[in-house]
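So you can see what is in the structure, the chains are spelled out below.
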Amino acid sequence: MKPITQTLTELTAAAFAQCGYDPALGVVGLSDRLDLCQFQCNGAFAAAKQYHKAPFVIAGEVAAVLAENLIFAEVQAVRPGFLNLTVTDVFLAEAAKTQMADPHLGIHQADFPETIIIDYGGPNVAKPLHIGHLRSAIIGEALKRLARAVGHRVLGDVHLGDWGLQIGLVIAELSERYPDWRCFAPDFDPETETVSALSAADLNEIYPFASKRSKEDAAFKEKAHLATCELQSGRPGYIALWKEILRVSVADMKGNYQKLGVDFDLWYGESDADRYVEPLMALLDEKELLRRSEGALVVDVAEEGDKAPMPPVIVRKSDNSSIYATTDLATIMQRQQDFSPNRIWYVVDKRQELHFTQVFRCARKAGLIADHAELAYLGFGTMNGSDGKPYKTRDGGVMRLADLIAAVEEAAGEKLAGSAFVSEPERQETARKVGVAALKFGDLINQRGKDYIFDLERFLSFEGKTGTYLLYTVTRINSILQKAGGGACQLFGIYNDADRELWLNLLLTGAVFERAFEEKAPNNLCENAYQLAALFSRFYHDNHILAEEDEKKRESWLALCRMVKKVLEKHLDVLGIETVERM
Ligand code: ARG
């Protein structure tokens, strides 16, 4: 289904053309003064410059043409040159019926579906997930669902950090604690021998311990480095142990991501790109992009016009090991080979901007991906505590994601404790959903690049732009629909300002989704979901839906309630937020 603003734009463009002006001037948007008109076009101002005429004259000419069209209840040229449009309720109701019948709820599906890979999550194996991983997971998941909602083929890749020093640290530490383990013996045979099972609790204790130790103990640090190198060159006992670490760590991560309603199509890691490193180096060499610098191999990526220094990207260190940039480049090669994506989006902390600029430039120079394909770095800001500094635990440590989720769930549980609507067996599950909704919405409503303050009290409030308010609105509609007792829900007409405004908002759903996708900005959906809920609250307050005696009116309003629920749920689903039946 076409967004209503597009239908109106096409009509207005034709009217501009009929009056002898450029049709591109006929862009129509929702009016920002709904008390004056529903839609508006400001094209006459640009036309005035182009055709050297007063904007009001041009608006008047176009208005005269549009006024012939019966879909308009009112067409007005207003000084100095606005074109104000209001459609008839009959037209609005017809559009509403089309939207009600559309399985996509008025969200236009891409004419040319693209393959988009979204690289988000980025957790590191052996290290517990902490709140630094929260935003990537939440934003990436929403972008993935958003791109799918507008009809693209999207793959979410967790891109595990599974090949670096953190594994070497754990191996080195384990080898000192359990020197007798067969996996540490040079003659370990993976065909016939297995490694001892580890647990998530083991890893959660060992990694921080080993990491701290390496900062104080140079010999240990060296040992961990060596272990990393040996792992990367395939020492069988280390590979077997690495697989066990991976198994335990990934299972633990999956549990946490699942609680957040985040899931990935691809559980690839940096290690999966390893086999592309040699072909990558050969290609860079062939294209004469490699330069030796202090024993390392680098690629120059500075460009004319760079305002900040742009160091060359190091692709191989002097000790022959490859690093972060190498892995990302090799991964682009792998993705190109496996999926030929139209776009790759990276949802990573904004502090990594330089890294991605270097990687993208190098990838372009080497032609690792089609020229028309998009490589986009979507950096995000930090979640801060009330002191404006990165959120910490009470004792100043980094907060584990699992602990944060538990705290949010608990607070939501307390908030719901008084609710008579939630039965005891469903209380915990409801608290989980409400807590996660509060957390996710509180994050997603912010512009991605900005820092924000984690304020649980506010996030859980039943009022304002919160996940809690939105879930609550859905439950209110559930209760109305339940009391009405199902049955047909036909739309017969539009009856007053409140239902008209709601339908206008609903009919813009497609345009909102399109804009959110184009801007890669889920916060557009948050704002719109809030608008919709607020309009619904007003409608609900002003009209006694269930007590309405006019049968047709009552039924039309129930149809409206159903549609608000569906569209609100669609917004929430794309934001990765689950709803609750009652609360
Ligand atoms: N594991 C990385 C880190 O902890 C994040 C990975 C981001 N994705 C990427 N393709 N580099 O910093």
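None of the values given here were measured: they were computed from a predicted structure.

The rules behind the values
- Along each chain, numbering runs from 1 in the same order as the chain's sequence is written.
- The model is predicted, so local features are restricted to residues of pLDDT at least 70 and side-chain atom pairs to those at 80 or more, both for listing and for counting; the totals for chains, interfaces and linings are taken over all residues.
- To get the side-chain values, all heavy atoms of the structure are used, and hydrogens and water are removed first.
- By the criteria applied, helices consist of DSSP H or I runs no shorter than four residues and strands consist of E runs no shorter than two, each listed in order from the N terminus.
- Under the scheme applied here, a residue whose accessible area is under 20% of the maximum for its type counts as buried, over 50% as exposed, and between as partly exposed, the area being computed with a 1.4 Å probe on protein chains only.
- Residue contacts are defined here by distance: any two heavy atoms, one from each residue, within 4.5 Å place the two residues in contact.
- Accessibility throughout is a Shrake-Rupley quantity obtained with a 1.4 Å probe, and a residue counts as covered only by protein chains that appear here.
- By the counting rule applied here, Lys and Arg register as positive and Asp and Glu as negative, while His and the ends of each chain are not counted.
- Working definition for charges: the position is that of NZ of Lys, CZ of Arg, CG of Asp or CD of Glu.
- Strand pairing requires that DSSP identify at least two bridges connecting the strands.
- Working definition: residue near molecule or strand if any one of its non-hydrogen atoms lies within 4 Å of it.
- Residues adjacent in sequence count toward polar contacts only when both atoms are side-chain atoms; beyond that, a polar contact is any pair of N or O atoms within 3.5 Å, and within protein one must be able to donate a hydrogen and the other to accept it.
- All residues other than Ala, Val, Leu, Ile, Met, Phe, Trp, Tyr, Cys, Pro, Asp, Glu, Lys and Arg, Gly among them, are scored as polar; the first ten of these are nonpolar and the last four charged.
- Only protein atoms enter the 1 Å grid used here, on which a cavity is any set of points holding a 1.4 Å probe that cannot leave and a pocket is any open set flanked by protein within 12 Å on both sides along at least five of seven lines; residues with an atom within 4 Å of a point are listed as lining.
- Grid points are joined across faces, edges and corners, and a volume is the space filled by probe spheres set on the points.
- To estimate how far a helix should reach, multiply one less than its number of residues by 1.5 Å.
- In summary, the pairing rule links any two rings of Phe, Tyr or Trp, Trp by its six-membered ring, whose centres are within 6.5 Å, and it sorts them by plane angle into stacked for under 30 degrees, edge-to-face for over 60 and tilted for everything else.
- Here, a charge over a ring is recorded when the distance from Lys NZ or Arg CZ to the ring centre is within 6 Å and its angle to the ring normal is within 35 degrees.
- In this description, a disulfide is simply a cysteine sulfur pair whose atoms lie within 2.5 Å.
- The criterion is simple. A nonpolar core is a set of buried Ala, Val, Leu, Ile, Met, Phe, Trp, Tyr and Cys residues joined through side-chain atoms within 4.5 Å.

Trainee: Whenever I open this one, the overall build of the protein chain confuses me. Can you help?
Mentor: Counting its regular elements, the protein chain contains 20 helices and 13 strands. Its C-alpha atoms give the protein chain principal-axis dimensions of roughly 85 × 65 × 45 Å. Taking all 583 residues of the protein chain together, 52% fall into the buried category. When contacts within the protein chain are restricted to residue pairs at least 6 apart in sequence, those whose partners lie at least 24 apart make up 74%. Counting every atom, the protein chain has about 26400 Å² of accessible surface; 51% of that belongs to carbon and sulfur. Separation of charge centres in the protein chain, based on 65 positive and 83 negative side chains, amounts to 2 Å.

Trainee: Teacher, can you tell me more about the pairing of strand 4 (residues 82-87) here?
Mentor: For a regular strand, side chains alternate in direction, first toward one face of the sheet and then toward the other. When you tally the buried positions in strand 4, you get five out of six residues, the bulk of the element. Note that strand 3 (residues 72-78) and strand 4 share six bridges and pair antiparallel. Along strand 4, the bridge assignment pairs Phe-72 with Val-87. Between the end of strand 3 and the start of strand 4, which pair antiparallel, lie three residues.

Trainee: In this structure, what is going on with the site of the ligand? I would like to understand it.
Mentor: Residues in contact with the ligand, as listed here, are Asp-119, Gly-122, Asn-124, His-159, Tyr-324, Asp-328, Tyr-346, Val-348, Gln-352 and Phe-356. Within the side chain of Asp-119, one N or O atom sits 2.9 Å away from a nitrogen atom of the ligand. Contact between the ligand and Asp-328: a nitrogen atom at 2.8 Å from a side-chain N or O atom of the residue. Relative to its unbound accessible area of 350 Å², the ligand is 84% covered by the protein chains. Going through the elements one at a time, helix 11 (324-339) and strand 10 (343-349) are the ones with two or more residues in the shell around the ligand. Within the shell around the ligand, the residues separate by chemical class into four nonpolar, four polar and two charged.

Trainee: Can you walk me through empty space enclosed by the protein in this structure?
Mentor: Counted according to the given criterion, the structure contains four cavities of 30 Å³ or more. What the largest cavity holds in volume is close to 70 Å³. Lining the largest cavity, in full, are Ala-126, Lys-127, Pro-128, Leu-129, Ala-200, Leu-203, Asn-204, Ser-249, Asp-252, Met-253 and Asn-256. Taken together, the elements giving at least two residues each to the lining of the largest cavity come down to helix 7 (200-216) and helix 9 (236-259). Here the lining of the largest cavity is built from residues that sort into six nonpolar, three polar and two charged. Within this model, the second largest cavity holds a volume of roughly 50 Å³. The set of elements that each furnish at least two residues to the lining of the second largest cavity consists of helix 5 (134-149) and helix 14 (424-444). Residues that form the lining of the second largest cavity fall into these classes: four nonpolar, three polar and three charged.

Trainee: Would you mind showing me how to read the side chain of Lys-144 here?
Mentor: One can find Lys-144 in helix 5. Exposure remark for Lys-144: the relative accessible area of 1% places this residue in the buried category. When residues no more than four places from it in sequence are discounted, the contact partners of Lys-144 are Ile-118, Tyr-120, Val-154, Gly-156, Asp-263 and Asp-265.

Trainee: So what exactly am I meant to see when it comes to the layout of surface pockets here?
Mentor: Empty pockets left among the atoms are what a rolling probe the size of a water molecule brings to light. In this structure, the second largest pocket spans a volume of roughly 610 Å³. Its residues assigned to classes, the lining of the second largest pocket shows nine nonpolar, seven polar and five charged.

Trainee: Just to check I follow, could you spell out the environment of Ser-386 for this structure?
Mentor: Mapped onto the secondary structure, Ser-386 falls in the loop between strand 12 (383-384) and helix 13 (401-416). Given the relative accessible area of 73%, Ser-386 is considered exposed.

Trainee: What is the right way to read the side chain of Thr-88 from this model?
Mentor: Within the secondary structure layout, Thr-88 lies in the loop between strand 4 and helix 4 (89-101). Sequence-distant contacts of Thr-88, that is, excluding residues within four places in its chain, are made with Leu-70, Ile-71, Phe-72 and Ala-73.

Trainee: Even after reading the chapter, I still don't get helix 4, so can you show me in this structure?
Mentor: Each α-helix winds once per 3.6 residues, and so residues spaced three or four apart point in a common direction. Taking 1.5 Å per residue as the helical rise, helix 4 with its 13 residues ought to reach 18 Å, and the 18 Å between its terminal C-alpha atoms agrees with that figure. Buried residues of helix 4: Phe-91, Leu-92, Ala-93, Ala-95, Ala-96 and Gln-99, and no others. The elements touched by buried residues of helix 4 are helix 1 (4-18), strand 4, helix 17 (497-507), helix 18 (509-519) and helix 20 (551-574).

Trainee: In this structure, what is going on with the packing of aromatic side chains? I would like to understand it.
Mentor: Any pair of aromatic rings gets described here by the distance separating the centres and the angle formed by the planes. Enumeration according to the criterion identifies 25 aromatic pairs in this entry. Centre to centre, the rings of Tyr-120 and Phe-264 are 4.5 Å apart; their planes meet at 40°, and the pair counts as tilted. Of this pair, Tyr-120 sits in the loop between strand 5 (115-119) and helix 5 while Phe-264 sits in the loop between helix 9 and helix 10 (277-286), and the two are 144 residues apart along the sequence. The same class applies to Tyr-120 and to Phe-264, which are both buried. Look at Tyr-391 and Phe-454: their rings are 4.8 Å apart centre to centre, the planes differ by 70°, and that puts the pair in the edge-to-face class. Residue Tyr-391 is located in the loop between strand 12 and helix 13, and its partner Phe-454 is located in the loop between strand 13 (452-453) and helix 15 (456-459); the two are separated by 63 residues in the primary sequence. We classify Tyr-391 as partly exposed; its relative accessible area is 21%. Here Arg-79 stacks its cationic end above the ring of Phe-56, 4.1 Å away from the centre of that ring.

Trainee: Would you explain unusual backbone geometry in this entry?
Mentor: Most peptide bonds adopt trans geometry, and most residues besides glycine take a negative phi value. Residue Pro-80 is reached from Arg-79 by a cis peptide bond, and omega for that bond is 0°. Relative to the assigned elements, Pro-80 resides in the loop between strand 3 and strand 4. Within the chain, Leu-105 stands out as a residue other than glycine whose phi angle is a positive 55°. Considering the arrangement of structural elements, one finds Leu-105 in the loop between helix 4 and strand 5. Within the chain, Lys-520 stands out as a residue other than glycine whose phi angle is a positive 50°.

Trainee: Please explain the state of the cysteines as it appears in this structure.
Mentor: Cysteine pairs can be covalently joined through their sulfur atoms, and such a bond is termed a disulfide. Taken as a whole, this structure holds zero disulfides when the rule is applied. Just so you know, Cys-19 is unpaired, no disulfide at all, and the nearest cysteine sulfur is the one on Cys-41, 11 Å from it. Classification of Cys-19 by relative accessible area gives partly exposed; the value is 22%. Distance from the sulfur of Cys-37, which forms no disulfide, to the nearest cysteine sulfur (Cys-41) is 11 Å. Given a relative accessible area of 4%, Cys-37 falls into the buried group.

Trainee: Looking at this structure, how should I read the nonpolar core?
Mentor: The nonpolar side chains of soluble globular proteins are, as a tendency, buried together. Among the nonpolar cores identified, the biggest contains 159 residues, and Ile-245 and Leu-404 are the most heavily contacted of them. With sequence-adjacent residues up to four places away left out, Leu-404 is seen in contact with Ile-131, Leu-134, Met-383, Tyr-391, Met-399, Leu-439 and Phe-454. Ranked by size, the runner-up nonpolar core spans 37 residues in total, among them Ile-117, Tyr-276, Leu-289 and Ala-366.

Structural measurements only, silent on function.
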